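# Structural overview
Spelled out, the chains give:
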Amino acid sequence: MAVATQSLEELCINSIRFLAIDAIEKAKSGHPGLPMGAAPMGFVLWDRFMRFNPKNPKWFNRDRFILSAGHGCMLQYALLYLTGYDSVTIDDIKQFRQWQSKTPGHPENFETAGVEVTTGPLGQGIANAVGLAMAEAHLAAKFNKPDAKIVDHYTYVILGDGCNMEGVSAEACSFAGHQGLGKLIALYDDNHISIDGSTDVAFTEDVSKRFEAYGWHVLHVENGNTDLDSLAKAIEAAKAVTDKPSMIKVTTIIGYGSPNKQNTAGIHGAALGTEEVALTRKQLNWEYEPFVLPEDALNHMRKAVERGASYEAEWNQAFADYKAKYPQEAAEFERYISGKLPDGWDQVLPSYTPADKASPTRKHSENCLNKLAPVILELIGGSADLTHSNLTEIKGFGDFQKNQYQNRNVHFGVREHGMGAICNGMALHGSGLIPYGATFLIFTDYMRAAIRLSALSEAGVIWVMTHDSIGQGEDGPTHQPVETLASLRAIPNLTVIRPADGNECSGAYKVAITKAKQNAPTLLAFTRQAVPNLAGTSAENVAKGAYVLVDCQGTPDIILIGTGSEVNLCVTAAEKLTAEGNKVRVVSMPSTDLFDAQDAAYKDSVLPASVTKRLSVEAGSSFGWHKYVGIEGDTVSIDTFGASAPGGVCMEKFGFSVDNVLAKAKALLG
């Protein structure tokens, strides 16, 4: 047989290629080019370097692998299958891209064990990897001892030309270089092809020089398709450099082995077709039927199971020794990775009365963070260069910087999108860290893809957003969110909370911390302007999304629904309406998401169907509010852009005043 002339390594590499080719051909959909070209680097990395246990994909001290070029996911699925992961069987490979398959069209961490993060939107994976490497560095600095290393693993990435074109990768890689993350190693699949054809049409920069400027260690493998020794030597050299991340440019031929389609855009994102598959089999001396693999290759790759069990057993013994020497640290480490919170952690959250000074809710947020930080030691994060506006510094815990990785205040710089993807990576590291990222609410537009992916990939991140309305003031409409809350509320699995005062801020953090440990993100929206602490607000009731703050005897004539700083307007207006003989209920609705999750009986108890005269008051778009006010209700909202003026002036001019709330309420009452 012709295949007998192939070395064992060639058999393994071609097994990866043809699993990808056959799966994509069966699905008539997918991206064969990258798996065919990157199979050698995938093989060398997984066979010679990566430490993982296929039978325990969540083993803590495993090396993390990220396929940033997620469209090439059959490379990863092939590697998972070949190395013995139970999560991907040959039947799963055959069901590539099909309904409820474990092999979806892009890698999804919540679907396939062994996939660390969800990738597909280009650049997100390499940015997630920066977060994974930060988590490793932080935990190593915190828990390792001179005579014991219990946190010691690498983060490996394969990224493509498209990843390097995306701005999020520039933000994150610049940050990684600044931080000197030496256990981050990226292999750049330099194949010069994108969907539009040769990358020369849009991308001619020297990527190596760019990464050198970022502060990375840069290497080049000129023939990534056949020169396995050079690939291995480059990875060894990268591991030897401990004070900076490494980028290995691996020049490859996309679709390697396809006689007519290799090195063309046509093989990037489409099945080869029956004739070209046959020609590729002939070209690569592959005489096996679809989905059939040589036993020698499979047996060799499955040695990863035995190696993995040995790696984990060695680590378990090392941790047992660590636990005997350092029982307190070991107990804290075990609590981290178990996902448990310290007993009574929420008791530190502050409470307020109306006698307490009016403050911006961003200030209450700062108080919450600084009460929680000494108790929940896994809380780590910071701001995109707005620390003293977002008020996100946790005092006394230092700045996370190169060689100061034990510290917990992260200065992300003006890199909102990079910050978002990095926070996702930290959350998905599997170590129980609770990352938070902060900026102005309007700048979620810069990082929406990362926020969306936090919700999709079940990343327990807390998004701390301040300056939440036109009350932001003088900076004007470019900085004043109008449609932002409505658009964020539309993201599935993202809990958006806009608290009214200090008590609701404490409740918001209680929800956010709890959800983070349940692998779900929360976005908190805080004011710049001061708001009073209201009678009857409740930290506990925030978890219900909405609750009755002010009530009347009997059935209300009208219900006023407020969020955030506008709840106070509703309370004051209700007092005046009541004095005029109206029966008024005020509902504080800090989270429509949490309210929608309540049962029908509770929702009806807050917003009875029999009361159709309802008025919502929120300094944002009216979009979405008709769900709660109904066809007979109305809104006090803003459906235009804001303006540059002092915040109080903006609020009044755009109708966020007691007088306007009264006028609209009276119009409803007739």
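Residues numbered from 1 in each chain as written. Predicted model: local features only at pLDDT ≥ 70, side-chain atom pairs only at ≥ 80, totals over all residues. Heavy atoms only, no water.

### A short note on the sheet that holds strand β10 (residues 409-411)
Formally: The criterion for strand pairing is that DSSP finds at least two bridges linking the strands in question. Going along the chain from the N terminus, every DSSP run of H or I of four or more residues is numbered as a helix, and every run of E of two or more is numbered as a strand. Only C-alpha atoms enter the line fits that serve as axes; for helices the fit covers just the stretch in contact. Angles between N-to-C directions range over 0 to 180 degrees. Whether two residues touch is decided by their heavy atoms; if any such pair falls within 4.5 Å, the residues are in contact.
Across the sheet, which stays open at both edges, the six strands sit in the order β10-β9-β11-β12-β14-β13 with parallel pairing between neighbours. Each edge of the open sheet is held by one strand with a lone partner, namely β10 and β13 (495-497). In this sheet, adjacent strand axes meet at a mean angle of 20° when their direction is disregarded. Here strand β11 (residues 434-440) pairs with strand β12 (residues 462-466) via five bridges, running parallel. Bridging across to β12, Tyr436 finds its partner in Ile462. Across the sheet, helix α16 (residues 416-427) lies against β9 (379-383), β11 and β12, angled at about 165° from β11, the strand it touches most.

### Notes on the UniProt feature "site: Important for catalytic activity" (unreviewed entry) in the protein
Using the following cut-off: UniProt positions are given in the numbering used here, feature names are shortened, and annotations may be inferred rather than shown by experiment. Throughout, exposure labels follow a simple rule: accessible area from a 1.4 Å probe, protein chains only, divided by the maximum for the residue type, with under 20% read as buried, over 50% as exposed, and the rest as partly exposed.
Here the UniProt-annotated "site: Important for catalytic activity" (unreviewed entry) positions come out as His31 and His268. On the basis of their most widely separated C-alpha atoms, the annotated residues across 238 residues gather in one place, lying no more than 5.4 Å apart. Assignment of secondary structure puts His31 in the loop between α1 (8-27) and α2 (33-49). Residue classification places His31 among the buried residues on the basis of a relative accessible area of 15%. With residues near it in sequence (within four places) discarded, His31 still touches Ile24, His71, Gly72, Arg97, His268 and Gly269.

### Describing the pattern of salt bridges
The cut-off we apply is this: Take a side-chain nitrogen of Lys or Arg and a carboxyl oxygen of Asp or Glu: if they are within 4 Å of each other, that pair is a salt bridge.
Evaluation of the coordinates by the stated rule reveals 28 salt bridges. In this structure, the salt-bridge partner of Glu580 is Lys666, at a minimum N-O distance of 3.3 Å. A residue pair is termed long-range when its members are at least 10 positions apart, and Glu580 in the loop between α20 (567-579) and β18 (584-588) and Lys666 in helix α25 (residues 658-669) qualify at 86 residues. Each of Glu332, Arg335, Glu378 and Lys517 takes part in one network of salt bridges that share partners.

### Structural notes on the packing of aromatic side chains
Test applied: Side-chain rings of Phe, Tyr and Trp, where Trp is taken by its six-membered ring, are said to pair if the distance between their centres is within 6.5 Å; with planes under 30 degrees apart they count as stacked, over 60 as edge-to-face, and otherwise as tilted. In this scheme, Lys NZ or Arg CZ marks a charge over a ring once it lies within 6 Å of the ring centre and within 35 degrees of the ring normal.
Taken as a whole, this structure holds 27 aromatic pairs when the rule is applied. Considering the side-chain rings of Tyr154 and Tyr156, the 5.8 Å spacing of their centres and the 25° angle between planes classify their relative orientation as stacked. Using a relative accessible area of 0% as the deciding quantity, one classes Tyr156 as buried. Their ring planes at 50° and their centres at 6.4 Å tell us that Trp315 and Phe333 sit as a pair that is tilted. A residue pair is termed long-range when its members are at least 10 positions apart, and Trp315 in helix α12 (residues 303-325) and Phe333 in helix α13 (residues 327-338) qualify at 18 residues. Counting every residue linked through ring pairs, the aromatic cluster contains Phe60, Phe143, Trp315, Phe319, Tyr322, Tyr326, Phe333 and Tyr336. In this arrangement the basic side chain of Arg64 is found over the ring face of Phe60, its NZ or CZ atom lying 5.7 Å from the centre. Note that Arg408 overlies the ring of Phe397, its terminal NZ or CZ placed 4.3 Å from the centroid.

### Some remarks on the environment of Leu428
The residue Leu428 is located in the loop between α16 and β11 in this model. Residues Leu428 and Asn128 lie 300 residues apart in sequence; the distance between their C-alpha atoms is 8.6 Å.

### Remarks on the sheet that holds strand β3 (residues 184-190)
Two pairing modes exist for strands in a sheet, parallel and antiparallel, and in both the strands are linked by backbone hydrogen bonds. Spatial strand order, β1-β2-β3-β7-β6: five strands in an open sheet with parallel pairing. Looking along the sheet, the strands with just one partner apiece sit at the ends: β1 (64-67) and β6 (217-221). With strand direction ignored, the average angle separating the axes of adjacent strands in the sheet is 15°. The pairing of strand β2 (residues 155-160) with β3 spans six bridges and is classified as parallel. Its bridge partner lying in β3, Gly160 is registered against Asp189. Docked against the sheet, helix α8 (residues 207-214) engages β3, β6 and β7 (246-251), running at close to 175° with respect to β7.

### Some points on α2
Residues spaced three or four apart along an α-helix face the same direction, because each turn holds 3.6 residues. Selection rule: The length a helix should cover is 1.5 Å for every residue beyond the first. The seven residues ending at a residue and the seven starting there each receive a fitted axis; the angle between those axes is the bend at that residue.
End to end, α2 covers 24 Å across 17 residues, agreeing with the expected 24 Å (1.5 Å per residue, within 8%). Residue Ala39 marks the point of greatest curvature in α2, where the axis turns by about 55°; the proline Pro40 follows within four residues.

### Topic: the UniProt feature "binding site: thiamine diphosphate" (unreviewed entry) in the protein
The sites that UniProt annotates as "binding site: thiamine diphosphate" (unreviewed entry) are His71, Gly120, Pro121, Leu122, Gly162, Asn191, His268 and Phe443. Taking the farthest pair of C-alpha atoms as the criterion, the annotated set spanning 373 residues is dispersed, since that pair is 34.1 Å apart. By the element assignment, Pro121 lies in the loop between α4 (90-94) and α5 (124-143). Residue position: Phe443 is located in the loop between β11 and α17 (448-456). If near-sequence neighbours (up to four positions away) are discounted, Phe443 is found in contact with Glu416 and His479.

### What about the nonpolar core?
The test is simple: In this description, a nonpolar core means a group of buried Ala, Val, Leu, Ile, Met, Phe, Trp, Tyr and Cys residues linked to one another through side-chain atoms lying within 4.5 Å.
Among the nonpolar cores identified, the biggest contains 144 residues, and Trp216 and Ile248 are the most heavily contacted of them. By residue number, the principal contributor to this core is α5, which donates twelve residues. For Ile248, the residues in contact, after removing those within four places along its chain, are Ile185, Ala186, Leu187, Tyr188, Leu219, Val221, Ala234, Ile235 and Ala238. Ile558, Cys570, Val587 and Tyr602 belong to the second-largest nonpolar core, a separate cluster that totals 44 residues.

### Some points on unusual backbone geometry
Despite not being glycine, Asn285 shows a phi value in the positive range, around 55°. Following the sequence through the fold, Asn285 ends up in the loop between α10 (274-283) and α11 (295-301). One non-glycine residue, Asn519, lies in the positive phi region at around 65°. Within the element layout of this structure, Asn519 appears in the loop between α19 (502-517) and β14 (522-525). Look at Asn519 and you get partly exposed, because its relative accessible area is 43%.

### Things to note about the environment of Thr155
With respect to the helices and strands, Thr155 occurs in strand β2. For the pair Thr155 and Phe65, spaced 90 residues apart in the sequence, the C-alpha separation amounts to 6.0 Å.

### Regarding the pairing of β6
Going by this rule: Seen with the strands pointing away from the viewer, any crossover whose path from the first strand over the helix to the second strand runs clockwise is right-handed.
By the criterion of burial, β6 is predominantly enclosed, with four of the five residues buried. By the bridge criterion, five bridges tie β6 to β7 in an arrangement that is parallel. Its bridge partner lying in β7, Val218 is registered against Met247. After leaving β6, the chain enters helix α9 (residues 228-240) and then returns to the sheet as β7, a path that is right-handed.

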